[in-house]
Each structure stands twice: as structure tokens, then as C-alpha cells.
Amino acid sequence: MAFHDIRFPANLSFGALGGPERRTEIVTLANGHEERNTPWEHSRRRYDAGMGLRSLDDLEALIAFFEARRGPLHAFRWKDWADWKSSLPSVATGPVDQILGPGDGVRTTFQLRKRYLSGSQDYWRPIAKPVAGTVTVAIADDPKVEGVEFTVDATTGLVSFVTPPDIGAQVTAGFEFDVPVRFDTDRIAVSLASFKAGEVPDVPVIEVRL
């Protein structure tokens, strides 16, 4: 079991169906009221890769990718076209998109993350698989130079500074990212006759915790 640092073909994931999943335990009391709780701090995403298939060449690419990952044995990168960068879909990413945290004069490493805000409530999602070459960083709105003032580990999403940010200085970042996933099936069942008639195979994909 390992993580293969390779992205599922983006042209196939473009038409995929999926999104975030939450687990909520709901108990209805005798008086009709409910008690709700969740064992998950973070959501988990599910997709159907079969929905993106458009041709027999696409099907061949899917099978090759499935076999190279040994089915669900090895995880890989997935581009979620509905949620793949730190900014709004219509806006280019920038170094002040997301807050990573304040400096304390000692800490040099910060985890990439993305904020989801609705009303007064928010959720911070850790980003572990940024796309190499897309991460920009600023300290107190001052853009920094990658490779000189900071480095990014594209396998963990950790940003490391050469010099610790000053106390209270806000560290921000902009980036594109992938979702770490694996196939959620041991088999791909395909009928060419059905495929040519417009039916696509079910190819479930599920996010993995890292």
C-alpha cells in the first residue's frame, strides 16, 4: 500500500460525478427531539470516474491507470474540477488567498489549508497535495520567492521558511491542489455494446486520509 504521486487523467475526471461526504450520527429521542453528532472532523470526498468516459480511448486509459495502481491498493492524485484552487473559480490564485496562520518568531513550517465560509460558521480543510509550481506565499502581504525564502513540499502541503515569520505577521498562500484518492472497487465491468450505446461503467473513487 502506497501513494503514487501521479494524477488521474484530468480530461477523464472533468466529467466525473462527486463531492464531499459527511458522517452524522442522528438519534431521535422519545420526545421527538434529535441529538446529532459526528465522529469526523473532516469531510471525505467520493467520485464516479466512469462518468467522464467519452470514447474507447478514454476507457483504455482508465483501465491502464487502474491496473498500474493495482486497483484500490495504491492511492493517487485526483483533480476535483468543482474545487481545485485557493481562490474563486473565476479568479486567478494569489499569495493572499488563504490564511495559514500568524508567525511567532520561531515557527518555520505552515500547513496549506483552505477556508470554507458560510455566514458566521467556517471550516478549515487541510491541503496535503498542492500542485507543484502553483504555490505562492506572502508574509504580511509581502510576496516571497520560492526556492529562496521558502520551499513547498508537494507531497505533504507543508510550507517551510528559511527565516521564521515575525511575531503576529500573517502568513498567507495561494495554490492549486489535488485530492488524494484510491479506487473504491476491485473490478471494472465493461460491456462494449453497452458503452457504445451510451452506458458507462461504475468506477467509484474515494478520498484517503493521509
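For clarity, every value in this text was computed on a predicted model and none was experimentally measured.

Bringing the side chain of Lys79 into the picture now. Examined against the element boundaries, Lys79 turns out to sit in the loop between strand S6 (75-78) and strand S7 (98-102). Although buried, Lys79 forms no salt bridge, and the nearest oppositely charged side chain, Glu176, lies 5.1 Å from it. Setting aside residues up to four positions removed in sequence, Lys79 forms contacts with Arg7, Ser13, Trp84 and Asp178.

As a further point, take the sheet that holds strand S1 (residues 3-7). The strand order across the open sheet formed by six strands is S1-S6-S16-S17-S5-S2, and the pairing between neighbours is mixed. Looking at strand neighbours, the two that pair on one side only are S1 and strand S2 (17-21), the edges of this open sheet. Averaged over all neighbouring strand pairs, the angle between strand axes comes to 30 degrees, with direction disregarded. Pairing between S2 and strand S5 (residues 44-48): five bridges, direction antiparallel. Following the sheet pairing, Gly18 is matched in S5 by Tyr47.

A word on the sheet that holds S7. Taken in spatial order, the four strands of this open sheet run S7-S15-S11-S12, and their pairing is antiparallel. Each having just a single partner strand, S7 and strand S12 (142-143) make up the two edges of the open sheet. With four bridges joining them, strand S11 (residues 136-139) and strand S15 (residues 170-174) adopt antiparallel strand pairing. Bridging across to S15, Ile139 finds its partner in Val171.

A few words on the side chain of Lys85. Along the chain, the position of Lys85 falls in the loop between S6 and S7. No salt bridge is formed by the buried Lys85; its nearest oppositely charged neighbour, Glu176, is found at 6.3 Å. One polar contact links the side chain of Lys85 to the main-chain carbonyl oxygen of Pro89, over a distance of 3.2 Å.

Enumeration according to the criterion identifies 13 salt bridges in this entry. In this structure, Lys114 engages Asp83 in a salt bridge whose closest nitrogen and oxygen atoms are separated by 2.5 Å. Placement of the pair is Lys114 in strand S9 (residues 113-118) and Asp83 in the loop between S6 and S7, with a sequence separation of 31 residues. In this structure, the salt-bridge partner of Asp83 is Arg125, at a minimum N-O distance of 3.1 Å. Residue Asp83 is located in the loop between S6 and S7, and its partner Arg125 is located in strand S10 (residues 121-126); the two are separated by 42 residues in the primary sequence. Comparing Asp83 with Arg125 shows no difference in burial state: the two are buried. Residues joined by salt bridges that share partners form a network here, namely Asp5, Arg7, Arg77 and Asp178.

Our next topic: the packing of aromatic side chains. Scanning all chains against the criterion turns up 15 aromatic pairs. When the centroid spacing of 5.2 Å and the interplanar angle of 80 degrees are considered together, the rings of Phe8 and Phe65 count as edge-to-face. Separated by 57 residues along the polypeptide, Phe8 in the loop between S1 and helix H1 (10-13) and Phe65 in helix H2 (residues 56-68) bring together distant segments of the chain. On the basis of relative accessibility, which here comes to 0%, the residue Phe8 falls in the buried class. When the ring of Phe14 is compared with that of Trp81, the centres are 5.1 Å apart and the planes differ by 80 degrees; the resulting orientation is edge-to-face. With Phe14 in the loop between H1 and S2 and Trp81 in the loop between S6 and S7, the pair connects residues that are 67 residues apart, well separated along the chain. Chaining the aromatic ring pairs together yields one cluster made of Phe8, Tyr47, Phe65, Phe66, Phe76, Trp78 and Phe183. In this arrangement the basic side chain of Lys129 is found over the ring face of Phe3, its NZ or CZ atom lying 3.9 Å from the centre.

Procedures and definitions
- Residues numbered from 1 in each chain as written.
- Predicted model: local features only at pLDDT ≥ 70, side-chain atom pairs only at ≥ 80, totals over all residues.
- Heavy atoms only, no water.
- Helix = DSSP H or I, 4+ residues; strand = E, 2+ residues; numbered from the N terminus.
- Buried < 20%, exposed > 50% of the residue type's maximum accessible area, 1.4 Å probe, protein only.
- Lys, Arg positive; Asp, Glu negative; His and termini not counted.
- Salt bridge = Lys/Arg side-chain N within 4 Å of Asp/Glu carboxyl O.
- Contact = heavy atoms within 4.5 Å.
- Pairing = 2+ DSSP bridges.
- Axes fitted to C-alpha atoms, helices over the stretch in contact; angles between N-to-C directions.
- Polar contact = N/O pair within 3.5 Å; in protein donor to acceptor, adjacent residues only side chain to side chain.
- Phe/Tyr/Trp six-rings, centres within 6.5 Å; stacked < 30°, edge-to-face > 60°.
- Lys NZ or Arg CZ within 6 Å of the ring centre and 35° of its normal.

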